[in-house]
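Close look at the chain arrangement
Chain by chain, the residues run as shown.
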Amino acid sequence: MDQLLVMRSLVAVADTESFASAAEQMRTSASSVSRHVASLEKHLGARLVNRTARSVTLTEFGLHYSVFARRIIREIEEEEQNLAGLSTQITGSLSVICPKWLGALDLGDAIAAFSVRYPEIELRLELGGVQDRAYAFIDEGYDVSFHTRPLRDSQMRLRRISTFPFVLCASPAYLDDHGRPREIAGLAELDCLSHEHESSWRLELGGQSHVHKFSRRPFTTNSYLALVKAAKHGRGVALLPLRLAHAGMVTGELEALFGGAHVQERSLCAVHGPSPQVPKKVGALLDFVTQWFAEHPMPTSGPITDE
């Protein structure tokens, strides 16, 4: 039994005192309305209407229940209108989570600019704590998750925001001591600093694909910010987002291998829940951030030869 449907049928009968008129109001047949009321009577164990050849009137129990049903229907309709308003207005609270290195750089700037553009939104930005499970951020109460890793859950909604090039970097002093490789195979002679999610590096150089597997892992971390520090201190070679390595390359603390070639590219993606209609505030954030990255491309100053 569809509880809401039979309640609507009873209210229609109460208003019209006729199965036929109630059926017109409900856009169904009189026999269907009669069955709805009979089902509700059976469910409640009490007679709700008095049926005669000329009229249909409510019993005392039916009158009492119709008042209750009318209130429930009205509350449901009001709440649905409120929820519809929330999904179509750019207002309310919005919780976003992303890795620390993304939030510390351009994405943090883009989201801050969004908050200025839409001050009526109460925005919460969490840096760090992004889990491997694609839907974990929803369980933790976040609306949007930004990341650069492949999405494994096809039920999530995904927007590609921008592309991040990656470069291999080390300190000039380290390369002076250990040599500057001319091809990917030369990485085997160097100390490779790795992110904990990487078991190998999939690289592109000179139009060819390469897979560099680590023979040893002298320095592993879950933070690209820590990889930058380790590379600057001369611990070895790190695969870094160009946006993160750029400042060190400009100051000379870092040197890009292979002439600054972009040996890997990853998509910056925004993931949100699988609802059929994207809330306006979420759509506004994704549109704004996408446009922000289009208007703020990677700077070309500094010792970068392959943009």
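Overview of the structure.

Here is what the cut-offs are and how they apply
Residues numbered from 1 in each chain as written. Predicted model: local features only at pLDDT ≥ 70, side-chain atom pairs only at ≥ 80, totals over all residues. Heavy atoms only, no water. Core = buried A, V, L, I, M, F, W, Y, C linked by side-chain atoms within 4.5 Å. Buried < 20%, exposed > 50% of the residue type's maximum accessible area, 1.4 Å probe, protein only. Salt bridge = Lys/Arg side-chain N within 4 Å of Asp/Glu carboxyl O. Helix = DSSP H or I, 4+ residues; strand = E, 2+ residues; numbered from the N terminus.

Overview of the nonpolar core
Core analysis: the largest hydrophobic core is formed by 60 residues, its most contacted members being F146, L168, L187, L240, L257 and F293. Of all hydrophobic cores here, the second largest spans 18 residues; its members include M7, V13, L40 and V56.

Regarding the pattern of salt bridges
According to the stated counting rule, one finds 13 salt bridges in the structure shown. Where R216 meets D191, a salt bridge forms, and the shortest distance between an N and an O atom there is 2.7 Å. Taken together, the positions of R216 in the loop between β9 (208–213) and β10 (219–221) and D191 in the loop between α8 (172–178) and β7 (192–195) put the pair 25 residues apart, joining distant regions of the chain. With its nearest N and O atoms 3.1 Å apart, the salt bridge here joins E198 to R266. One end of the pair, E198, is in the loop between β7 and β8 (200–205); the other, R266, is in strand β13 (residues 264–272), with 68 residues separating them in the sequence. By relative accessible area, which is 17% here, R266 ends up buried. Salt bridges sharing partners connect three or more residues here, namely D176, R180 and E255.

Re the environment of E183
Residue position: E183 is located in the loop between α8 and β7. Remark: the alpha-carbon pair of E183 and F258, spanning 75 residues in sequence, is separated by 7.6 Å.

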